[in-house]
Amino acid sequence: MARLAVLGAGAVGRSVIDLASEYGHTVTAVADSRGAAVDPDGVDSRDVLDRKASDGTVGDVDPETVLSAEYDVLVEATPTTLGDAEPGFTHARRALVDDRHVVLANKGPVAERYGELRELETESAGSVRFEATVGGAIPALSTLEDLGAGHVTAVRGVLNGTANFILTRMAAEGLDYEHVLAEAQDLGVAEADPSFDVEGTDAALKCVIVANVLGGEFSLADADVSGIEGIPGSALELAAEDGRTVRLIGEATRESVRVGPRLVPENGTLAVTGTRNIVQIETTHAGRLNISGRGAGGPETASAVLADVGRLTR
Amino acid sequence: MSDVEAGSGRAYTIRLELADEPGELLNALRPIAEAGGNLLSIYHERGNLTPRGRIPVEVDVECAPGRFDGVVEALREAGVNVVQAGEERYGEEVTVVLVGHLIDTDLSDTLKRFEECASASVVDVSLSAPQGTDDVSSARLRLAAEAERVSSALATVREIATEKELLVIEPQLDGGA
Ligand SMILES: NC(=O)c1ccc[n+]([C@@H]2O[C@H](COP(=O)([O-])OP(=O)(O)OC[C@H]3O[C@@H](n4cnc5c(N)ncnc54)[C@H](OP(=O)(O)O)[C@@H]3O)[C@@H](O)[C@H]2O)c1
């Protein structure tokens, strides 16, 4: 059993709070951007979630108090930011300096400041894990860890459900990008500002994280990225006439990170449909592995976070 | 199509057009051997006449790279109509889709430059311009290149497309199937 401090009460943070007890853990502190709730004996998850729903915040205490609360694992689920990756990076550093473990759902610190974070980890009694940052519920990083990064030559896949949903619908319905994007926004599959997803940034961050785990030293600036915005229905039609379709494919090796729309066989492994993701791992001794599943969502991502908590505290 | 790299030579494809008369094929093949070329295969498109009523024939020839020009020369001297030669035999075909103002940016110039710089040949082009030629259109190209030059050919395609502000949807070469 571990005591969790949860930073961020969005889709992911709330699901972690909701599911923690089912995994045998206690949430001793939780914060959103405006307030915090802290209780060394464990906060009442129901109360906290109700309060968030009714008042828009989890509590009255200053969010900063969470970092000095009693906990074993810090769960970092604040928004992913680029460049300095703040406030996530500072949160993770503080936990490591205090010799606590950190589990990240936030991609920023591991994509943009991986080297620094690993350095802080070597000086700490705590460790950093970040399964949730790549492929949501898909156990991509722990599979890489089990295989050994040295036995993996490349990782590629469909790593953004929003972009994949749009491409799937465009091909199936013969509709243009704008139509399908509006539909995706209505369904809650795409955000009001979808740029992170459709420009390929989100998929690129995940690939950068994978490339870092493989032993490279990358940040988003090193990735070669193009998105799906400019793709007209006619391109998908031409692809379909030839038995192909288009997918936003990200690819990471120790040498490079590339994300862009690619032609794939219509019924091929990489042509997953809807919001589904797939991670394909090329190994030296075990051939090719394919893992597909849900790449996003509160409970899905929380299950990856809680799996990391389990690995750290077993 | 097999990937020919046999013997000491390289494989080349020559396209000929022959008159539909007895003995013409034999007449065309003799100079190849005489000029030091080794005949690998003949593809005789019987029944498929060119607009001028001739028979298209494709022959694959193996010879030392330095001798290939001599082979073509010998054919021409023998009065054979050589439609296309000098390009190496292409082992691999890949499909790319281009998107953008394809017509405004001179599609035929784009294709010509792919062939020149990418050492690839454009086998087939399908254009789709649903909003008319002034708007964004898409084209599917089938490119043929030597197997080991496919990625450099694609890199060149990317370069030319970037210059012309076209979007390239590349084939996923690994893991796609
Ligand atoms: N959603 C997914 O499926 C998914 C999957 C994988 C990874 N992730 C990553 O996980 C993280 C959380 O995702 P999400 O979907 O839950 O995001 P979200 O809904 O935007 O929630 C972000 C939360 O962080 C809080 N926050 C912002 N600044 C803070 C600060 N300085 N201190 C404490 N809390 C702060 C926000 O507070 P307010 O509520 O007051 O605004 C909000 O509760 C992101 O980094 C995301 O990229 C998400």
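Residues numbered from 1 in each chain as written. Chains lettered and ligands numbered in written order. Predicted model: local features only at pLDDT ≥ 70, side-chain atom pairs only at ≥ 80, totals over all residues. Heavy atoms only, no water.

## Overview of the packing of aromatic side chains
Step number 1: Under the criterion given, the structure shown has 2 aromatic pairs over all chains.
Step number 2: Aromatic pair tyrosine 114 of chain A and phenylalanine 130 of chain A: ring centres 6.2 Å apart, planes at 85°, arrangement edge-to-face. Of this pair, tyrosine 114 of chain A sits in helix α5 (residues 114-122) while phenylalanine 130 of chain A sits in the loop between β6 (128-129) and α6 (140-147), placing them 16 residues apart in sequence. The pair formed by tyrosine 114 of chain A and phenylalanine 130 of chain A is uniform in burial state, with each residue classed as buried.
Step number 3: Judged by centre distance (4.1 Å) and plane angle (10°), the rings of tyrosine 12 of chain B and phenylalanine 68 of chain B are stacked. Remark: phenylalanine 68 of chain B occurs in helix α2 (residues 68-77) and tyrosine 12 of chain B occurs in strand β1 (residues 10-18); sequence separation between them is 56 residues. This pair shows no difference in class: tyrosine 12 of chain B is buried, exactly as phenylalanine 68 of chain B is.
Step number 4: Lying over the aromatic face of tyrosine 71 of chain A, arginine 100 of chain A brings its terminal NZ or CZ to 5.0 Å of the ring centre. (Phe/Tyr/Trp six-rings, centres within 6.5 Å; stacked < 30°, edge-to-face > 60°. Helix = DSSP H or I, 4+ residues; strand = E, 2+ residues; numbered from the N terminus. Buried < 20%, exposed > 50% of the residue type's maximum accessible area, 1.4 Å probe, protein only. Lys NZ or Arg CZ within 6 Å of the ring centre and 35° of its normal.)

## What to know about the pattern of salt bridges
Residues and elements named next belong to chain A.
Step number 1: A full pass over the atoms with the stated rule returns 30 salt bridges over all chains.
Step number 2: For arginine 118, the salt bridge is made with glutamate 121, and the minimal N-O distance between the two is 2.8 Å. Residue arginine 118 and its partner glutamate 121 are located together in helix α5, separated by 3 residues, close to a single helical turn.
Step number 3: For arginine 118, a relative accessible area of 28% translates into the label partly exposed.
Step number 4: Across the pair glutamate 183 and arginine 169 runs a salt bridge whose closest N-O atoms are separated by 2.7 Å. Here glutamate 183, found in helix α8 (residues 177-186), pairs with arginine 169, found in helix α7 (residues 161-173); they are 14 residues apart in sequence, far enough to count as distant.
Step number 5: Overall, arginine 169 belongs to the partly exposed group, its relative accessible area being 25%.
Step number 6: Salt bridges sharing common partners tie together Arg129, Glu145, Asp308 and Arg311. (Salt bridge = Lys/Arg side-chain N within 4 Å of Asp/Glu carboxyl O.)

## Structural notes on the sheet that holds β6 of chain A
All names here are of chain A.
Step number 1: On the basis of which strands lie adjacent, the open sheet formed by 6 strands has the order β3-β2-β1-β4-β5-β6 and mixed pairing. At either margin of the open sheet sits one strand with a lone partner, and together these are β3 (36-38) and β6.
Step number 2: Sheet topology note: the strand β5 (residues 101-104)/β6 ladder contains 2 bridges and is parallel. Residue pairing across strands places valine 102 opposite valine 128, the latter belonging to β6. (Pairing = 2+ DSSP bridges.)

## A look at the domain arrangement of chain B
Step number 1: Domains assigned within chain B are domain 1 (2-87) and domain 2 (92-169).
Step number 2: Taking only C-alpha atoms, the centre of domain 1 of chain B and the centre of domain 2 of chain B are 29 Å apart. (Domains from an automatic or database assignment.)

## Re the domain arrangement of chain A
All names here are of chain A.
Step number 1: Domains assigned within chain A are domain 1 (3-136 + 298-313) and domain 2 (142-294).
Step number 2: For domain 1 and domain 2, the distance between their C-alpha centres works out to 27 Å.
Step number 3: Interface of domain 1 and domain 2: buried area, both sides summed, is about 1500 Å²; carbon and sulfur atoms make up 64% of it.
Step number 4: Between the two partners, domain 1 and domain 2, sit 3 salt bridges.
Step number 5: We note a salt bridge from lysine 107 to aspartate 202, for which the minimum N-O separation is 3.3 Å.
Step number 6: Where domain 1 packs against domain 2, one counts 7 residue pairs in polar contact (both at pLDDT 80 or more).
Step number 7: Of all elements in the fold, only α4 (108-112) and α12 (298-313) reach the threshold of two or more residues within the side of domain 1 that touches domain 2.
Step number 8: Residues of the side of domain 1 that touches domain 2, tallied by class, amount to 6 nonpolar, 4 polar and 6 charged. (Buried area = accessible area lost by both parts, 1.4 Å probe. Polar contact = N/O pair within 3.5 Å; in protein donor to acceptor, adjacent residues only side chain to side chain. Nonpolar A, V, L, I, M, F, W, Y, C, P; charged D, E, K, R; others polar.)

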